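# Summary of structural features
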Amino acid sequence: MTSTTEPKKKEGGLGETVKVILQAFLIALLIRTFLFQPFNIPSGSMKETLLVGDYLFVSKFSYGYSRFSLPLSPPLFDGRILGSTPNRGDVVVFKLPRDESTDYIKRVIGLPGDEIQMIGGVLHINGVAVKREDAGYWMDDEGNGRVERVKRWTETLPNGVSYYTLDLVDNGFYDNTEVYKVPPGHYFMMGDNRDNSTDSRVLSQVGYVPYENLIGRAQIIFFSVKEGDAAWQFWKWPWTVRWDRLFSFVR
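Everything quoted here is computed from the prediction, not taken from an experiment.

## Focus: the pairing of strand 4 (residues 99-110)
- Sheet topology places strand 3 (residues 91-96) next to strand 4; six bridges connect them, and they run antiparallel. Across the sheet, the residue bridging to Leu96 is Asp99, located in strand 4.
- Here strand 3 hands over to strand 4 after two residues, the two strands then running antiparallel side by side.
- Sheet analysis places strand 4 next to strand 12 (residues 186-190), joined by three bridges and oriented antiparallel. Looking at the pairing, Gly110 lines up with Phe188 of strand 12.

## With respect to the sheet that holds strand 8 (residues 131-141)
- One open sheet holds the three strands; their spatial order is 8-9-10, and the pairing between them is antiparallel. Each end of this open sheet is capped by a strand with a single partner; those strands are strand 8 and strand 10 (162-167). Here the average twist between neighbouring strands, direction ignored, is 35°.
- Both strand 8 and strand 9 (residues 147-156) contribute to a ladder of nine bridges, which runs antiparallel.

## Observations concerning the sheet that holds strand 5 (residues 115-119)
- Across the sheet, which stays open at both edges, the four strands sit in the order 7-6-5-11 with antiparallel pairing between neighbours. Every other strand in the sheet has two partners, leaving strand 7 (128-129) and strand 11 (180-181) as the edge strands with one partner each.
- Bridge count between strand 5 and strand 6 (residues 122-125): four bridges; the pairing is antiparallel. Residue Ile119 lies in a different strand from strand 6, and its bridge partner there is Val122.

## Here we look at the pattern of salt bridges
- Applying the stated rule across the entire model yields 15 salt bridges.
- We note a salt bridge from Arg245 to Asp54, for which the minimum N-O separation is 2.7 Å. With Arg245 in the loop between helix 2 (237-240) and strand 15 (248-249) and Asp54 in strand 2 (residues 54-59), the pair connects residues that are 191 residues apart, well separated along the chain.
- We classify Arg245 as buried; its relative accessible area is 14%.
- The class for Asp54 is buried, based on a relative accessible area of 0%.

## Some details on the UniProt feature "active site" (unreviewed entry) in the chain
- As annotated by UniProt and renumbered to match this structure, "active site" (unreviewed entry) occupies Ser45 and Lys106. These residues run over 62 residues, yet every pair of their C-alpha atoms falls within 8.0 Å of each other.
- You can call Ser45 buried: its relative accessible area is 8%.
- Setting aside anything within four residues of it in sequence, one finds Ser45 in contact with Ile105, Lys106, Gly191, Asp192, Asn193, Asn196 and Ser197.
- With respect to the helices and strands, Lys106 occurs in strand 4.

Conventions and cut-offs
- Residues numbered from 1 in each chain as written.
- Predicted model: local features only at pLDDT ≥ 70, side-chain atom pairs only at ≥ 80, totals over all residues.
- Heavy atoms only, no water.
- Pairing = 2+ DSSP bridges.
- Helix = DSSP H or I, 4+ residues; strand = E, 2+ residues; numbered from the N terminus.
- Axes fitted to C-alpha atoms, helices over the stretch in contact; angles between N-to-C directions.
- Salt bridge = Lys/Arg side-chain N within 4 Å of Asp/Glu carboxyl O.
- Buried < 20%, exposed > 50% of the residue type's maximum accessible area, 1.4 Å probe, protein only.
- UniProt positions renumbered as here; feature names shortened; annotations may be inferred.
- Contact = heavy atoms within 4.5 Å.

Written as structure tokens, this is what we have:
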């Protein structure tokens, strides 16, 4: 009796394990596709809002769903389903128009039909200078023992959204630009680290971002380690984790 029932129990146990694994995979896939997608910050273009080593959740439902919401971005449909438009000032993850395998994260500055220009380092929207106030200096720790003092400003968009921008150098390469006319169905994106951000000001590399290319809105930082350290090195966490950034909202 024992010898005939043991194999069935083992088979049942293996089958249940496989079933649980498949169910967990499907749940994780559904969450990633329709609710939240994890994203990590690989560069300093959004300092000090987002730092290298930040790990955050991006809400996929904020702007509806396009083919880029799906894993591997299969061309199953065009446009967006249940779409809603981003607000000026949102921090957004999107697919790079010239390379749809690459994810970028920037702030929405220009809406369809807007005219955007930088004059003397000051952002202008539709011919009006955006309010900018002196916010002192920010100490930029690059994780190699070098700390740099960087000029900081508080920028306030016409809809009242405020955030810090960094000004590494006076009269930087993109401190004075042409007038950019945002096409219908597109958005103009900029990094908060204005002198160290490849964004919509560089038409040949980023340019205007189609509405369809938006993946989601950056919502919350769930983990953060110092620049130059690896998140998987858990034995270093007491010294490398930026504890004050955990579970902070992206603004």
